[in-house]
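Each chain, written out:
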Amino acid sequence: MTRSKKLSFRGIVFLLALAALLLFCYWLFFAGSLIPQRDADSGLIQSERALNVLIVGSDENPELGISGRADTIILAQVRLDEPSLFLLSLPRDTLVEIEGHGRDKLNHAYGGIELLRSTTEQLLNVPVDYYAVTDFNGFENIVDVLGGVEIEVDKRMYYQTYDGLIDIEAGLQTLNGEQALQYVRYRQDALGDITRVGRQQKFLKALVEKCTSSTGVFKLPQLLVEIGKMVETDLPGPYLFRLGLSMLSLQAENIESSTLPGDFVTIQGASYWQLEEDQLQELIQANFGENNDDE
């Protein structure tokens, strides 16, 4: 083969590789919307500028032979135009109607993520576009990749759980993965799980702030790899990357949170979180509906 033919062959390979790269970049950043196509006739309250992600923390622990239920349930609304983040915590003891099972606690719908997903949609009357599920180990690893998360611990926490000891001092400190898990699991308070939900919201805000800090941005590639290994999600990898990039400009003041309004009730000896329906409808319409788009 002559030298000119070799150069020509190399040139063709280079052009093909460049074309493939450009097509990939177009697909990654421009082709398709992060917000999936929804059924316009579903009757669900929805925003055309935001997507909803169901975040689930499972208490599954194979080493102890524990097949987990949903220990933490949060519906995160991600607005892409601002950007902003709204975290709605769903107490695991919320009394709901579960298809095929009757009325029970929300986390009893975790016979599979799709059942929890459909139950959440029915409960809130909003679409769940994607889900993300991780267990204790995954949560710890994600925090450790970031080098820990700084947070003000509100009280001395010391409690022996079924699988370990929670032991955290009060005050401002940087929690590693193991300590962070202890912090979000602790619920030895007068309001039990409801107070714990507040701590989880506080920690998630701090976690997002760490992710969008200069340190967090530098670790974004490693963080996405860890999420890919430790988090089960139906959000495609390239979309996850795009979502991560879109959130880099997220400011702390644009992160809000709330909890399903309600109160504790005891039914046949079991404790439930019973919703206050009127307050719930106001909360959903204000944060997930068209009114939110007009702000």
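Our subject is the structure that appears above.
What you see is a predicted model; the values in this text were computed from it and never measured.

Draft legend 1. The arrangement of the packing of aromatic side chains in detail. The tally for this structure, following the rule as stated, stands at 4 aromatic pairs. The interplanar angle of 45° and the centroid separation of 6.3 Å between the aromatic rings of Y183 and F203 together place this pair among those described as tilted. Of the two residues, Y183 is situated in helix α4 (residues 177-185) and F203 in helix α5 (residues 193-212); the sequence distance between them amounts to 20 residues. Residues Y183 and F203 agree in their burial class; the two are buried. Geometry around Y272 places K105 over its ring, the cationic atom sitting 5.6 Å from the centre.

Draft legend 2. Fine view of a negative patch on the surface. Side chains of E276, E277, D278 and E282 sit close together on the surface and give a patch of like negative charge. For E277, the location among the structural elements is in helix α9 (residues 277-288).

Draft legend 3. The side chain of D71, seen in detail. With respect to the helices, strands and loops of the structure, D71 is situated in strand β2 (residues 70-79). Looking at D71, the relative accessible area reads 9%, which means it is buried. There is a polar contact of 2.5 Å between the side chain of D71 and the side chain of R92. Contact partners of D71, with chain neighbours within four places excluded, come to G57, S58, D59, R92 and R196.

Draft legend 4. Just the nonpolar core, in detail. Within the largest apolar cluster, 43 residues are counted, with the highest numbers of intra-cluster contacts made by L85, Y183 and F203. In this structure L85 touches A76, Q77, V78, V208, L250, N254, I255 and E256, once residues within four positions along its chain are discounted. Ranked by size, the runner-up nonpolar core spans 31 residues in total, among them I45, L54, F86 and W273.

Draft legend 5. Spotlight on the sheet that holds strand β12 (residues 255-259). Reading across from one edge, β11-β6-β1-β2-β3-β12 is the order of the 6 strands in this open sheet, with mixed pairing throughout. Both outer strands of the open sheet, β11 (232-233) and β12, are each paired with one neighbouring strand and no more. When strand β1 (residues 50-58) meets strand β6 (residues 130-134), the two strands line up parallel, connected through 5 bridges. Note on β6: the bridge partner recorded for V56 is V133. The strands touched by α5 are β2, β3 (84-89) and β12; relative to β12, the strand with the most contacts, the crossing angle is about 165°. On the sheet, α9 packs against β1, β2, β3 and β12 and is oriented at approximately 160° with respect to β3.

Draft legend 6. Spatial organisation of unusual backbone geometry. Looking along the chain, the bond that leaves E82 and enters P83 is cis, with omega of -15°. When you line up the elements, P83 lands in the loop between β2 and β3. One non-glycine residue, Q268, lies in positive phi territory at about 50°. In this fold, Q268 is placed in the loop between β13 (262-267) and β14 (270-275). The exposure class assigned to Q268 is exposed, which follows from its relative accessible area of 84%.

Draft legend 7. Region of interest: the environment of L175. Secondary-structure assignment places L175 in strand β10 (residues 171-175). When the C-alpha atoms of L175 and D144 are compared, they prove to be 9.0 Å apart, with 31 residues separating the residues in sequence. Apart from residues no more than four positions distant in its own chain, L175 is found in contact with V143, G148, V149, I151, V153, I168, A180 and Y183.

Draft legend 8. Structural view of the pattern of salt bridges. Scanning all chains against the criterion turns up 15 salt bridges. Ionic pairing is found between D81 and R79, a salt bridge with its closest N-O pair at 3.8 Å. In this structure D81 comes out as partly exposed when scored by relative accessible area, which is 44%. Its salt-bridge partner being D93, residue K105 comes within 3.6 Å of it at the nearest N-O pair.

Draft legend 9. Structural detail: the environment of E82. Here E82 is to be found in the loop between β2 and β3. In the structure, E82 is positioned 33 residues away from R49 in sequence and 9.5 Å away in space, judged by C-alpha atoms. Looking at E82, its side chain comes within polar contact range of the side chain of R79, at 3.3 Å. At a separation of 3.0 Å, a polar atom in the side chain of E82 contacts the side chain of S84.

What counts, and at which threshold
- Residues numbered from 1 in each chain as written.
- Predicted model: local features only at pLDDT ≥ 70, side-chain atom pairs only at ≥ 80, totals over all residues.
- Heavy atoms only, no water.
- Phe/Tyr/Trp six-rings, centres within 6.5 Å; stacked < 30°, edge-to-face > 60°.
- Helix = DSSP H or I, 4+ residues; strand = E, 2+ residues; numbered from the N terminus.
- Buried < 20%, exposed > 50% of the residue type's maximum accessible area, 1.4 Å probe, protein only.
- Lys NZ or Arg CZ within 6 Å of the ring centre and 35° of its normal.
- Patch = residues over 30% accessible without salt bridge, like charges linked within 9 Å, V, L, I, M, F, W, Y side chains within 5 Å.
- Areas by Shrake-Rupley, 256 points an atom, 1.4 Å probe, with all protein chains shown as cover.
- Salt bridge = Lys/Arg side-chain N within 4 Å of Asp/Glu carboxyl O.
- Lys, Arg positive; Asp, Glu negative; His and termini not counted.
- Charge placed at Lys NZ, Arg CZ, Asp CG, Glu CD.
- Polar contact = N/O pair within 3.5 Å; in protein donor to acceptor, adjacent residues only side chain to side chain.
- Contact = heavy atoms within 4.5 Å.
- Core = buried A, V, L, I, M, F, W, Y, C linked by side-chain atoms within 4.5 Å.
- Pairing = 2+ DSSP bridges.
- Axes fitted to C-alpha atoms, helices over the stretch in contact; angles between N-to-C directions.

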